[in-house]
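So the chains spell out like this:
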Amino acid sequence: MKQYRSGVVVLAALLAAAVASGCAAETGGRGEGAPGGPAKPAAGQPGETVPKAGPARALDTYAEALRKKQAARAVAAKKWGLAKTPLAAPEPPKVKPRITTRKGFEVRDDAGLPPVFTTVPTKEKIVFLTMDDGAEKDPELLRMMTELDIPYSAFLSDYVTNDDYGYFKKMQRRGVVISNHTLNHRYLPGLSYAEQKREICDQQEKILKHYGKRPTLFRPPYGNYNRDTLVVAKSCGITAVPLWSSEAFPDHMEWREWDRDLHPGDIVLTHFRGKEDWKGSMPDMIRQVMKTITDKGYAVAKLEDYV
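The sections below set out a description of the structure shown in this document.

Cut-off values and rules
Residues numbered from 1 in each chain as written. Predicted model: local features only at pLDDT ≥ 70, side-chain atom pairs only at ≥ 80, totals over all residues. Heavy atoms only, no water. Helix = DSSP H or I, 4+ residues; strand = E, 2+ residues; numbered from the N terminus. Buried < 20%, exposed > 50% of the residue type's maximum accessible area, 1.4 Å probe, protein only. Polar contact = N/O pair within 3.5 Å; in protein donor to acceptor, adjacent residues only side chain to side chain. Contact = heavy atoms within 4.5 Å. Core = buried A, V, L, I, M, F, W, Y, C linked by side-chain atoms within 4.5 Å. Right-handed = clockwise from strand over helix to strand, strands pointing away. Pairing = 2+ DSSP bridges. Phe/Tyr/Trp six-rings, centres within 6.5 Å; stacked < 30°, edge-to-face > 60°. Lys NZ or Arg CZ within 6 Å of the ring centre and 35° of its normal.

### Some details on the side chain of Arg219
Inference 1: As for its position among the elements, Arg219 is in the loop between α6 (193-211) and α7 (227-235).
Inference 2: You can call Arg219 buried: its relative accessible area is 0%.
Inference 3: One polar contact links Arg219 to Asp132, side chain to side chain, over a distance of 2.8 Å.
Inference 4: Among residues more than four places away in sequence, those in contact with Arg219 are Thr130, Asp132, Phe155, Asn180, His181, Pro242, Leu243, Trp244, Ile267 and Leu269.

### Some remarks on the nonpolar core
Side chains that are nonpolar tend, in soluble globular proteins, to be buried together.
Inference 1: By size, the foremost hydrophobic cluster in this structure holds 40 residues, and its most contacted members are Met131, Leu141, Leu148, Met171, Phe272 and Ile286.
Inference 2: If you list the elements that add at least two residues to this core, you get α2 (54-79), β2 (126-133), α3 (139-148), β3 (153-156), α5 (165-173), α6, β7 (253-255) and α8 (282-295).
Inference 3: It is α8 that provides the largest number of residues to this core, a total of 6 residues.
Inference 4: The contacts of Leu141, once residues within four sequence positions are left out, are Met131, Tyr167, Met171, Phe272, Met282, Pro283 and Ile286.
Inference 5: Listed in part, the 32 residues of the second largest apolar core include Leu113, Val120, Phe155 and Cys236.

### Focus: unusual backbone geometry
Among all residues except glycine, the phi angle is most often negative; among peptide bonds, the trans geometry is most common.
Inference 1: In this structure, His185 takes a positive phi of about 55° despite not being glycine.
Inference 2: Its relative accessible area of 14% is what places His185 among the buried residues.

### Observations concerning the pairing of β3
Inference 1: The side-chain alternation of β3 yields two buried faces, one formed by Ser153 and Phe155 and the other by Ala154 and Leu156.
Inference 2: Remark: the β2/α3/β3 crossover connection has right-handed handedness.
Inference 3: Judged from the 4 bridges that link them, β3 and strand β4 (residues 177-180) form a sheet pairing that is parallel. Note on β4: the bridge partner recorded for Ser153 is Val177.

### With respect to the packing of aromatic side chains
Inference 1: If you walk through the whole model with that rule in mind, you get 5 aromatic pairs.
Inference 2: Relative to Phe168, the ring of Tyr167 has its centre 5.0 Å away and its plane inclined at 85°; by these criteria the two rings are edge-to-face. For the pair formed by Tyr167 and Phe168, the shared burial category is buried.
Inference 3: Aromatic side chains Phe249 and Trp278 sit 6.2 Å apart centroid to centroid with 70° between the ring planes, which places their arrangement in the edge-to-face category. You can see Phe249 sitting in the loop between β6 (246-248) and β7 and its partner Trp278 sitting in the loop between β8 (267-271) and α8, a full 29 residues away along the chain.
Inference 4: Taking the relative accessible area as the measure of exposure, Phe249 reaches 15% and is therefore buried.
Inference 5: Here Trp278 falls in the buried class, since its relative accessible area comes to 10%.
Inference 6: Ring pairs connect the aromatic residues Tyr167, Phe168 and Phe272, which therefore count as one cluster.
Inference 7: Here the guanidinium or amino end of Arg219 rests over the ring plane of Phe155, the centre of that ring lying 4.5 Å away.
Inference 8: When the ring centre of Trp244 is taken as origin, the NZ or CZ atom of Arg256, which lies over that ring, is 5.3 Å away.

### Some thoughts on the pairing of β8
Inference 1: Burial within β8 is extensive, with 5 of its 5 residues counted as buried.
Inference 2: Taking every second residue as pointing to the same face, both faces of β8 are buried, with Ile267, Leu269 and His271 on one and Val268 and Thr270 on the other.
Inference 3: As judged from the 5 bridges shared by β2 and β8, these two strands associate in the parallel manner. When the bridges of β8 are listed, Leu129 appears paired with Val268.
Inference 4: Where β6 and β8 come together, 2 bridges link them in parallel fashion. Directly across from Glu247, in β8, lies its bridge partner Leu269.

What follows is the structure in C-alpha coordinates.
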(Lines give C-alpha, C1' and ligand atoms only; values in the text may rest on other atoms or scores of the structure.)
Protein backbone atom coordinates (compact mmCIF):
# COMPACT_ATOMS: atom_id res chain seq x y z
CA MET A 1 0.00 0.00 0.00
CA LYS A 2 2.90 2.36 0.82
CA GLN A 3 4.44 1.65 -2.59
CA TYR A 4 1.09 2.39 -4.32
CA ARG A 5 0.69 5.76 -2.57
CA SER A 6 4.28 6.65 -3.38
CA GLY A 7 3.67 5.87 -7.02
CA VAL A 8 0.60 8.10 -7.11
CA VAL A 9 2.57 10.99 -5.66
CA VAL A 10 5.36 10.59 -8.20
CA LEU A 11 2.84 10.39 -11.08
CA ALA A 12 1.12 13.58 -9.93
CA ALA A 13 4.44 15.37 -9.77
CA LEU A 14 5.33 14.26 -13.29
CA LEU A 15 1.95 15.40 -14.65
CA ALA A 16 2.36 18.83 -13.03
CA ALA A 17 5.80 19.18 -14.52
CA ALA A 18 4.49 18.24 -17.93
CA VAL A 19 1.68 20.78 -17.78
CA ALA A 20 4.13 23.51 -16.75
CA SER A 21 6.48 22.55 -19.56
CA GLY A 22 3.61 22.58 -22.07
CA CYS A 23 2.54 26.06 -20.99
CA ALA A 24 6.08 27.34 -21.37
CA ALA A 25 6.36 25.81 -24.82
CA GLU A 26 3.00 27.30 -25.88
CA THR A 27 4.12 30.83 -25.05
CA GLY A 28 7.76 30.38 -25.84
CA GLY A 29 8.42 31.37 -22.23
CA ARG A 30 7.87 34.98 -23.28
CA GLY A 31 4.46 36.23 -22.30
CA GLU A 32 0.88 35.72 -21.32
CA GLY A 33 -0.24 33.44 -24.13
CA ALA A 34 0.67 34.85 -27.55
CA PRO A 35 3.71 33.34 -29.31
CA GLY A 36 6.55 35.82 -29.40
CA GLY A 37 4.90 37.95 -26.72
CA PRO A 38 6.93 39.94 -24.24
CA ALA A 39 8.38 38.07 -21.33
CA LYS A 40 6.59 38.51 -18.02
CA PRO A 41 8.99 39.94 -15.40
CA ALA A 42 9.70 37.75 -12.42
CA ALA A 43 8.06 38.70 -9.16
CA GLY A 44 9.76 41.70 -7.62
CA GLN A 45 11.79 42.51 -10.76
CA PRO A 46 11.74 45.83 -12.65
CA GLY A 47 8.75 46.10 -14.98
CA GLU A 48 6.45 44.03 -12.81
CA THR A 49 3.00 45.55 -12.19
CA VAL A 50 2.03 44.79 -8.62
CA PRO A 51 -1.76 44.92 -8.11
CA LYS A 52 -2.81 47.12 -5.22
CA ALA A 53 -4.50 45.56 -2.25
CA GLY A 54 -8.18 46.28 -1.58
CA PRO A 55 -7.73 49.09 0.99
CA ALA A 56 -5.18 50.87 -1.24
CA ARG A 57 -7.53 50.71 -4.24
CA ALA A 58 -10.39 51.99 -2.09
CA LEU A 59 -8.24 54.88 -0.87
CA ASP A 60 -7.27 55.81 -4.43
CA THR A 61 -10.92 55.65 -5.51
CA TYR A 62 -11.99 57.88 -2.61
CA ALA A 63 -9.19 60.37 -3.32
CA GLU A 64 -10.14 60.58 -6.99
CA ALA A 65 -13.84 61.05 -6.15
CA LEU A 66 -12.90 63.79 -3.68
CA ARG A 67 -10.71 65.52 -6.27
CA LYS A 68 -13.55 65.52 -8.82
CA LYS A 69 -16.02 66.74 -6.20
CA GLN A 70 -13.77 69.63 -5.21
CA ALA A 71 -13.18 70.56 -8.85
CA ALA A 72 -16.95 70.74 -9.43
CA ARG A 73 -17.35 72.70 -6.20
CA ALA A 74 -14.72 75.22 -7.35
CA VAL A 75 -16.69 75.82 -10.55
CA ALA A 76 -19.92 76.25 -8.57
CA ALA A 77 -18.24 78.59 -6.07
CA LYS A 78 -17.17 80.87 -8.91
CA LYS A 79 -20.64 80.74 -10.48
CA TRP A 80 -22.39 81.65 -7.21
CA GLY A 81 -19.93 84.38 -6.23
CA LEU A 82 -18.31 82.75 -3.21
CA ALA A 83 -15.05 84.31 -2.11
CA LYS A 84 -13.37 80.89 -1.85
CA THR A 85 -14.14 77.27 -2.66
CA PRO A 86 -15.66 75.56 0.40
CA LEU A 87 -13.36 73.04 2.03
CA ALA A 88 -14.11 69.32 1.88
CA ALA A 89 -15.35 67.68 5.07
CA PRO A 90 -13.67 64.48 6.25
CA GLU A 91 -15.44 61.15 6.06
CA PRO A 92 -18.02 60.85 8.86
CA PRO A 93 -17.11 58.70 11.85
CA LYS A 94 -18.04 55.01 11.79
CA VAL A 95 -19.34 55.43 15.34
CA LYS A 96 -21.22 58.61 16.25
CA PRO A 97 -19.85 60.54 19.23
CA ARG A 98 -21.64 60.43 22.56
CA ILE A 99 -23.72 63.59 22.98
CA THR A 100 -24.41 65.05 26.40
CA THR A 101 -26.25 68.14 27.60
CA ARG A 102 -24.11 71.27 27.68
CA LYS A 103 -23.25 72.49 31.15
CA GLY A 104 -25.76 75.14 32.21
CA PHE A 105 -28.45 73.83 29.86
CA GLU A 106 -29.71 71.07 32.18
CA VAL A 107 -33.21 70.67 33.59
CA ARG A 108 -34.01 68.91 36.87
CA ASP A 109 -34.17 65.12 36.80
CA ASP A 110 -32.99 65.04 33.19
CA ALA A 111 -31.55 61.51 33.22
CA GLY A 112 -32.72 59.71 30.10
CA LEU A 113 -34.06 62.86 28.45
CA PRO A 114 -32.77 64.07 25.05
CA PRO A 115 -29.48 65.99 25.42
CA VAL A 116 -29.43 69.73 24.70
CA PHE A 117 -26.20 70.94 23.12
CA THR A 118 -24.64 73.62 20.92
CA THR A 119 -21.52 71.77 19.78
CA VAL A 120 -20.90 68.19 18.69
CA PRO A 121 -17.83 66.58 20.30
CA THR A 122 -15.16 66.22 17.59
CA LYS A 123 -11.57 67.24 16.97
CA GLU A 124 -12.15 67.76 13.25
CA LYS A 125 -12.32 71.31 11.88
CA ILE A 126 -15.96 71.00 10.89
CA VAL A 127 -19.15 72.88 11.67
CA PHE A 128 -22.81 72.10 10.96
CA LEU A 129 -25.18 74.41 9.08
CA THR A 130 -28.85 74.38 10.13
CA MET A 131 -31.85 76.39 8.87
CA ASP A 132 -35.04 77.11 10.84
CA ASP A 133 -38.72 77.78 10.23
CA GLY A 134 -39.31 77.66 6.46
CA ALA A 135 -40.92 81.01 5.63
CA GLU A 136 -38.74 81.80 2.58
CA LYS A 137 -38.85 79.26 -0.24
CA ASP A 138 -36.16 80.52 -2.58
CA PRO A 139 -35.52 78.20 -5.56
CA GLU A 140 -32.09 79.77 -5.95
CA LEU A 141 -31.12 78.33 -2.57
CA LEU A 142 -31.96 74.81 -3.73
CA ARG A 143 -29.85 75.17 -6.87
CA MET A 144 -27.00 76.88 -5.08
CA MET A 145 -26.66 74.34 -2.28
CA THR A 146 -27.00 71.41 -4.68
CA GLU A 147 -24.28 72.70 -7.01
CA LEU A 148 -21.97 73.64 -4.14
CA ASP A 149 -22.72 70.30 -2.46
CA ILE A 150 -22.87 71.88 0.98
CA PRO A 151 -24.79 69.80 3.57
CA TYR A 152 -27.37 71.46 5.81
CA SER A 153 -30.31 70.49 8.02
CA ALA A 154 -33.83 71.94 8.02
CA PHE A 155 -35.86 72.43 11.23
CA LEU A 156 -39.37 73.21 10.03
CA SER A 157 -42.48 74.80 11.55
CA ASP A 158 -45.75 73.83 9.91
CA TYR A 159 -47.38 77.25 10.07
CA VAL A 160 -44.90 78.63 7.51
CA THR A 161 -44.34 75.50 5.41
CA ASN A 162 -47.93 74.34 4.89
CA ASP A 163 -48.40 76.55 1.83
CA ASP A 164 -45.68 74.66 -0.07
CA TYR A 165 -44.67 71.29 1.32
CA GLY A 166 -43.32 70.48 -2.14
CA TYR A 167 -40.44 72.94 -1.82
CA PHE A 168 -39.05 71.08 1.17
CA LYS A 169 -39.75 67.73 -0.49
CA LYS A 170 -37.35 68.84 -3.27
CA MET A 171 -34.87 69.75 -0.56
CA GLN A 172 -35.28 66.33 1.05
CA ARG A 173 -34.64 64.60 -2.29
CA ARG A 174 -31.32 66.48 -2.41
CA GLY A 175 -30.27 64.81 0.85
CA VAL A 176 -31.46 67.36 3.43
CA VAL A 177 -32.91 65.83 6.60
CA ILE A 178 -36.21 67.38 7.73
CA SER A 179 -36.45 67.92 11.51
CA ASN A 180 -38.94 69.32 14.01
CA HIS A 181 -39.32 72.99 15.00
CA THR A 182 -42.97 72.75 16.25
CA LEU A 183 -46.28 73.43 14.57
CA ASN A 184 -46.62 77.15 15.31
CA HIS A 185 -43.29 78.37 16.70
CA ARG A 186 -44.68 79.24 20.14
CA TYR A 187 -42.73 79.97 23.32
CA LEU A 188 -42.83 76.48 24.83
CA PRO A 189 -42.08 77.18 28.51
CA GLY A 190 -45.24 79.31 28.60
CA LEU A 191 -47.43 76.38 27.49
CA SER A 192 -48.99 73.53 29.44
CA TYR A 193 -47.75 69.97 29.03
CA ALA A 194 -50.70 69.16 26.75
CA GLU A 195 -50.11 72.28 24.62
CA GLN A 196 -46.43 71.45 24.26
CA LYS A 197 -47.35 67.91 23.25
CA ARG A 198 -49.56 69.25 20.48
CA GLU A 199 -46.84 71.61 19.24
CA ILE A 200 -44.11 68.97 19.19
CA CYS A 201 -45.81 65.60 18.64
CA ASP A 202 -48.38 66.84 16.12
CA GLN A 203 -45.49 68.29 14.10
CA GLN A 204 -43.87 64.85 14.20
CA GLU A 205 -46.98 63.46 12.50
CA LYS A 206 -47.11 66.29 9.96
CA ILE A 207 -43.52 65.60 8.95
CA LEU A 208 -44.20 61.85 8.78
CA LYS A 209 -47.20 62.49 6.51
CA HIS A 210 -45.44 64.84 4.10
CA TYR A 211 -41.85 63.60 4.21
CA GLY A 212 -42.20 59.92 5.11
CA LYS A 213 -40.29 59.80 8.39
CA ARG A 214 -40.63 61.04 11.96
CA PRO A 215 -37.66 63.21 12.96
CA THR A 216 -35.29 62.29 15.77
CA LEU A 217 -33.95 65.86 16.11
CA PHE A 218 -35.91 68.77 17.55
CA ARG A 219 -35.10 72.44 18.06
CA PRO A 220 -37.38 74.47 20.35
CA PRO A 221 -38.37 77.93 19.09
CA TYR A 222 -36.03 80.69 20.32
CA GLY A 223 -33.95 77.94 21.96
CA ASN A 224 -36.31 78.01 24.97
CA TYR A 225 -37.50 74.87 26.75
CA ASN A 226 -38.26 73.37 30.15
CA ARG A 227 -38.43 69.84 31.53
CA ASP A 228 -41.89 69.26 30.03
CA THR A 229 -40.47 70.11 26.61
CA LEU A 230 -37.87 67.38 26.80
CA VAL A 231 -40.26 64.82 28.33
CA VAL A 232 -42.79 65.48 25.55
CA ALA A 233 -40.13 65.40 22.86
CA LYS A 234 -38.83 62.04 24.06
CA SER A 235 -42.38 60.62 24.18
CA CYS A 236 -42.82 61.13 20.43
CA GLY A 237 -39.46 59.93 19.19
CA ILE A 238 -36.99 62.79 19.68
CA THR A 239 -33.49 61.67 20.74
CA ALA A 240 -31.50 64.93 20.67
CA VAL A 241 -32.04 68.71 20.88
CA PRO A 242 -29.37 70.62 18.94
CA LEU A 243 -29.32 74.37 19.60
CA TRP A 244 -26.57 76.59 18.15
CA SER A 245 -23.33 78.41 18.92
CA SER A 246 -23.54 81.12 16.23
CA GLU A 247 -26.10 82.58 13.83
CA ALA A 248 -25.65 83.66 10.21
CA PHE A 249 -27.23 86.65 8.43
CA PRO A 250 -26.56 88.06 4.95
CA ASP A 251 -24.43 90.90 6.32
CA HIS A 252 -22.98 89.61 9.60
CA MET A 253 -22.55 86.78 12.12
CA GLU A 254 -23.83 86.72 15.69
CA TRP A 255 -21.97 84.71 18.32
CA ARG A 256 -23.01 82.86 21.46
CA GLU A 257 -19.46 82.17 22.64
CA TRP A 258 -17.36 84.76 24.44
CA ASP A 259 -14.49 84.55 21.93
CA ARG A 260 -16.78 85.23 18.94
CA ASP A 261 -15.22 82.42 16.97
CA LEU A 262 -15.87 78.97 15.51
CA HIS A 263 -14.84 75.76 17.25
CA PRO A 264 -14.72 72.12 16.08
CA GLY A 265 -18.25 70.72 16.00
CA ASP A 266 -20.09 74.05 16.36
CA ILE A 267 -23.68 74.23 15.15
CA VAL A 268 -24.45 77.30 13.04
CA LEU A 269 -28.03 78.57 12.90
CA THR A 270 -29.69 80.53 10.14
CA HIS A 271 -33.27 80.93 8.90
CA PHE A 272 -35.33 80.58 5.77
CA ARG A 273 -35.67 84.32 5.27
CA GLY A 274 -35.46 86.79 2.39
CA LYS A 275 -35.16 90.48 1.63
CA GLU A 276 -38.42 91.26 3.44
CA ASP A 277 -36.72 90.37 6.71
CA TRP A 278 -33.00 90.66 5.95
CA LYS A 279 -30.56 92.95 4.22
CA GLY A 280 -30.15 90.38 1.51
CA SER A 281 -31.31 87.05 0.12
CA MET A 282 -30.67 83.47 1.21
CA PRO A 283 -27.86 83.11 -1.38
CA ASP A 284 -26.36 86.31 0.11
CA MET A 285 -26.50 84.66 3.53
CA ILE A 286 -24.75 81.54 2.19
CA ARG A 287 -21.99 83.67 0.65
CA GLN A 288 -21.50 85.43 3.99
CA VAL A 289 -21.52 82.36 6.23
CA MET A 290 -19.34 80.29 3.89
CA LYS A 291 -16.76 83.08 3.73
CA THR A 292 -16.58 83.07 7.52
CA ILE A 293 -16.40 79.27 7.73
CA THR A 294 -13.85 78.84 4.95
CA ASP A 295 -11.65 81.78 6.01
CA LYS A 296 -11.35 80.16 9.44
CA GLY A 297 -10.27 76.86 7.89
CA TYR A 298 -13.47 74.91 8.56
CA ALA A 299 -15.57 72.62 6.37
CA VAL A 300 -19.33 72.02 6.65
CA ALA A 301 -20.34 68.47 7.58
CA LYS A 302 -23.75 66.82 7.81
CA LEU A 303 -25.20 67.00 11.32
CA GLU A 304 -27.07 63.72 11.05
CA ASP A 305 -23.80 61.86 10.34
CA TYR A 306 -22.68 62.79 13.85
CA VAL A 307 -25.90 62.94 15.90
